[in-house]
Amino acid sequence: MTEQVVQSAGKGAGTRAPGPPRPHFAGRERELRALDEDTTRAGLHTLSGHPSPYSRVLLVAGAPGSGRTTLAEEFVHRLCARTPGTVLRARLTDPGGTAVPTERTARDLLAALESSRTPQAGADEEALSAALRAELADRAGRDGRPLVLLLDDVARSQQVLDLLPESRDCLVVAVSSGPLTQVPDVRPCTLGGLDRAAAVSLLARRAGSAPRLTVDPRGAETLAELCGDLPAALALVGGWFGARPKLSVADAVALLRQVPDTPVPRGRPGPSAEADGAVDAGNVTDATDAAGTADAADAADAPDGEHAADAEGAAGAAGVGDVADPETDAEDEHPAPPGPPAPYPPAPLVRAFRLVNGSLTGSHARLLRLLSLAPAASVDPLGASALAGCSVAAAHAALEEFVRLGLLRALGGSRYEVPGCLDPLLRAELEEHERPDEALLARARLLERTVRRLEACRAVCEPSGSPARKRLAGMPGALRFAHRTEARTWLEARRPELLAAARAAVADSEGRLDTLARRLVSGLARALDAHREPEAAAPELYRLHELVLDVAERGGLHRERAAALLYLGDLDAGTRRLETARARYRTALDSARAGDDPVAAGRALESLGGTYAELGDWERAADWYGRALALRLTRSTPADREAVARLHARLGAVHGRAGRRSEALRGWKAAAAAFRRLGDSASHARALSEAARVQEEADRPQDAVRLCGQALEAARRAGDVRLQAALRMRLADGCERLGDRRAARSNRAAGRRLLAALGEDGTGDGTGEAPAAGDAGPDAAGRYRSG
């Protein structure tokens, strides 16, 4: 998950976005002084007389659980307390050890900065990283305020180099498990355990106010030593010890020593559906809700046994056949190259985790290991209840207990996060204790809950009394939103987790979650479309459609593939990536034909014509428009009749640009007749106006004046004052060419009065301001714009 925060830190300074909660900090004063000195110490390039143009990079390196992120956060906090500045945060490794693509990190950071340099949807990694570096260099040192880029969980050096701005006024603080050898002049700060006094202090703080550690200082030091003086292990053991007020320090030491610290199994495959009794979660549909698992949110007072029965019912429903496919689709997101293997958890951390995990009840231990399935390692009580198949109240109580024991980190707002150092341990527990089909069903329950939450998020934007609002009223109370603002706030806060959930569902190589993945992407796309402006939603929608395109190709879903390609092609064409758009439209046409989808085929043909028109290839544009027209003429739906009129207009336009006046005139007259049959007076008037323009260019003024008069009557019926004014001016020019000066003066005066009524001075000649017919609907090039 990439978490970006723009924060103006310092005394009295407001924050544009809230930073992460600051945990208790103990010790590390020597490391903090070293980091502080490294911010001003001259580097090797400076000493050699050739100072580096790039930002200074400080590296905090340490094993998982050593408190490396906490130290970096504390250092940045103290730095900005002295000199208020801007802090940007990004996590560069997803749970499970997958490196976050630079494209995603750069776009998220640009969005957090509200940068005007942000490339449009579909831009490649190089363009996005270059835009981010330029924005950071421009903002660094502005008004004397420092800019700090905090990069957590760096997997490899190239991730830092891709984001490193050419500005010495920006400071980069990288957190990693090892050295970043390819980053020039990096300043490392390597962490081990805390000093013993700080370790005992942290242990006592986590254990509470009981004097047991104070009266047995030797035992407390031994307990800290068994924890390796690692903050994560100390937090776990301290929370466990505090929950047992009758346990002595000596007994705690004895119990901890008995726990094995054998290595966590590595390199094992994830849960597989090939095991006996595996569930086909790709077919989990609304039948899951009928079984009751997705409605656990509204049954917080029900006993756990009832929800266990609901989970069994969901398992039976998971084998039901596929339901009708949603209409929102997309293509594959190219994964980032894998980083180095995830760092191995230190033995003291393994021992502390096993001690605490072994003390949990069976239901709590199961929920804990299922949290490794939570997207972006983030979960709330609703998601936890879906994973475990229990009530929301029971899940919430368990999550709070995990926080007290140091197994989770509270983020505020009923949101919790699995610490990165514990993620591999939870995954190992899941593989050891959960059958693959049970883990798969838990993922399916969570996805189903997320889909319904997204449906509620979109439905709250619909008018009162609409079918969507009626469905919303029938949902459990915990899934509903009171108003649009609450839904939008939830969507923006949960956006990283929702996108991570979509990526994880699509990444299932065996396609076991494909149906739910398509429903999730459809719901997320529609929610973003409802709550965001089109330009702001386009980047996420582009990636979502790439994801579902992967699902469609894997499942041989030709119609979904065609629709996704059309949407992606529209976005590519809108950002002038015309060759890419042309290739997408051509592939979409093949998929539409394979799926026997004449509507998508017609859209693809028309979009190909529009793309060739933008490329200036009028011959091919006319050819593809003609093919689209021939296909539309074989159908008689209202949408096809509108498309026929529009395509006649497109053909008239491209023939006119190619200099074929007779074909252009034929196209515009056919468009005018088609628009008249549709009752679209405004488009009818514009088509006649364009036909008159063709006659003027052919030096046939009498025919041009006649067509302008017909167009003027149609414009009056449509009430289009601006078009009437333009036609009056054109009539004046035509009458002058025919020698009728009186009619020319009359029309020009009428045109100026109309323009004056519009607040314009009427000094133009009125020859080019009337838009062409058919500009409504698809864009001027005829590309398909999906809803």
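Residues numbered from 1 in each chain as written. Predicted model: local features only at pLDDT ≥ 70, side-chain atom pairs only at ≥ 80, totals over all residues. Heavy atoms only, no water.

Turning to the overall build of the protein chain, a few remarks are in order. When helices and strands are counted, the protein chain shows 33 helices and nine strands. Per-residue burial over the protein chain gives 54% buried out of 787 residues. A separation of at least 24 residues holds for 72% of the contacts in the protein chain among residues at least 6 apart in sequence. For the protein chain, the exposed surface amounts to about 33200 Å²; the carbon and sulfur share of it is 50%. (Helix = DSSP H or I, 4+ residues; strand = E, 2+ residues; numbered from the N terminus. Buried < 20%, exposed > 50% of the residue type's maximum accessible area, 1.4 Å probe, protein only. Contact = heavy atoms within 4.5 Å. Areas by Shrake-Rupley, 256 points an atom, 1.4 Å probe, with all protein chains shown as cover.)

Moving on, we come to the sheet that holds strand β9 (residues 416–417). If you trace the three strands from one edge of the open sheet to the other, you get β7-β9-β8, paired in antiparallel fashion. Looking along the sheet, the strands with just one partner apiece sit at the ends: β7 (378–379) and β8 (409–410). Both β8 and β9 contribute to a ladder of two bridges, which runs antiparallel. Residue pairing across strands places Ala 410 opposite Tyr 416, the latter belonging to β9. (Pairing = 2+ DSSP bridges.)

Where side chains of opposite charge bring their charged atoms close, a pairing between them can arise. For the structure on display, the rule yields 52 salt bridges. Ionic pairing is found between Arg 576 and Glu 614, a salt bridge with its closest N-O pair at 2.6 Å. Of this pair, Arg 576 sits in the loop between α24 (558–574) and α25 (578–594) while Glu 614 sits in helix α26 (residues 598–614); the two residues are 38 residues apart in sequence, bridging distant segments of the chain. Through salt bridges with shared partners, a single ionic network connects Asp 108, Glu 492, Arg 495, Arg 532 and Glu 540. (Salt bridge = Lys/Arg side-chain N within 4 Å of Asp/Glu carboxyl O.)

Structurally, Asp 229 is set in the loop between α9 (217–226) and α10 (231–242). Of the polar contacts made by the side chain of Asp 229, one reaches the side chain of Arg 196; its length is 3.0 Å. The contacts of Asp 229, once residues within four sequence positions are left out, are Gly 193, Leu 194, Arg 196, Ala 199, Ala 224 and Leu 234. (Polar contact = N/O pair within 3.5 Å; in protein donor to acceptor, adjacent residues only side chain to side chain.)

On average, the protein chain scores 82 in pLDDT, and the residues at 70 or more come to 81%. This model gives residues 267–339 a pLDDT under 50, and the stretch forms 175 contacts once residues within four places in sequence are excluded. Here residues 764–772 is a poorly scored stretch, pLDDT under 50, and it has 21 contacts once near neighbours within four places are set aside; other chains count. (pLDDT = per-residue confidence, 0-100.)

Glancing now at the packing of aromatic side chains. The final tally for this structure, using the stated rule, is one aromatic pair. Look at Phe 481 and Trp 490: their rings are 5.4 Å apart centre to centre, the planes differ by 55 degrees, and that puts the pair in the tilted class. Trp 490 carries the same exposure label as Phe 481, and that label is buried. The ring of Phe 241 is capped by Arg 212, whose NZ or CZ atom sits 3.8 Å from the centre of that ring. Here the basic side chain of Arg 627 rests over the ring of Trp 624, its NZ or CZ set 4.2 Å away from the ring centre. (Phe/Tyr/Trp six-rings, centres within 6.5 Å; stacked < 30°, edge-to-face > 60°. Lys NZ or Arg CZ within 6 Å of the ring centre and 35° of its normal.)

Below, the discussion takes up the pairing of strand β4 (residues 147–154). Across a regular strand the side chains alternate sides, sitting on one face of the sheet and then on the other. Most of β4 sits out of view: eight of its eight residues are buried. Pairing between strand β3 (residues 85–91) and β4: six bridges, direction parallel. Each residue of the ladder has a partner; that of Arg 89, found in β4, is Leu 150. Pairing of β4 with strand β5 (residues 170–176), which is carried by six bridges, proceeds in the parallel orientation.

All of the buried residues in helix α1 (residues 29–38) are Glu 31, Leu 32, Leu 35 and Asp 38. Each buried residue of α1 lies within a common arc of 125 degrees when the element is viewed along its axis, so the set occupies one face. In α1, those exposed residues whose orientation departs by more than 90 degrees from the buried face are Arg 30 and Arg 33. If you follow the buried residues of α1, they end up packed against β2 (56–61), α3 (68–82) and β6 (187–190). (Arc of directions from axis to C-beta.)

Here the focus is unusual backbone geometry. At Asp 153, a residue that is not glycine, the phi angle is positive and equals roughly 55 degrees. Along the chain, Asp 153 turns up in strand β4. Residue Asp 185 is not a glycine yet carries a positive backbone phi of 55 degrees. Here Asp 185 lies in the loop between β5 and β6.

Attention now moves to the nonpolar core. Leu 454, Leu 491, Leu 524 and Leu 544 are the most contacted members of the largest nonpolar core, which totals 73 residues. Counting residues in hydrophobic clusters, the runner-up holds 64 residues, among them Ala 233, Val 356, Leu 373 and Leu 399. (Core = buried A, V, L, I, M, F, W, Y, C linked by side-chain atoms within 4.5 Å.)

What follows concerns the environment of Ala 502. Along the chain, Ala 502 turns up in helix α21 (residues 484–507). Ignoring sequence-local partners within four residues, the contact set of Ala 502 consists of Leu 520, Val 521, Leu 544 and Leu 547.

So, on to the side chain of Asp 514. Along the chain, Asp 514 falls in helix α22 (residues 514–531). A polar contact of 2.6 Å, which involves the side chain of Asp 514, links it to the side chain of Arg 554.

Moving on to the packing of α22 against helix α23 (residues 534–555). Packing of α22 against α23 brings their axes to within 10 Å, and their N-to-C directions diverge by 160 degrees. Considering the angle they form, α22 stands roughly antiparallel to α23. Here the hand of the crossing between α22 and α23 comes out left-handed. From α22, Asp 514, Ala 517, Arg 518, Val 521, Leu 524, Ala 525 and Leu 528 reach across to α23, where they touch Ala 537, Glu 540, Leu 541, Leu 544, Val 548, Val 551 and Arg 554. Partitioning the contact of α22 with α23 into residue classes produces ten nonpolar, no polar and four charged. (Axes fitted to C-alpha atoms, helices over the stretch in contact; angles between N-to-C directions. Parallel < 35°, antiparallel > 145°, perpendicular 65-115°, else oblique. Left-handed = near helix turned anticlockwise from the far one by under 90°. Nonpolar A, V, L, I, M, F, W, Y, C, P; charged D, E, K, R; others polar.)

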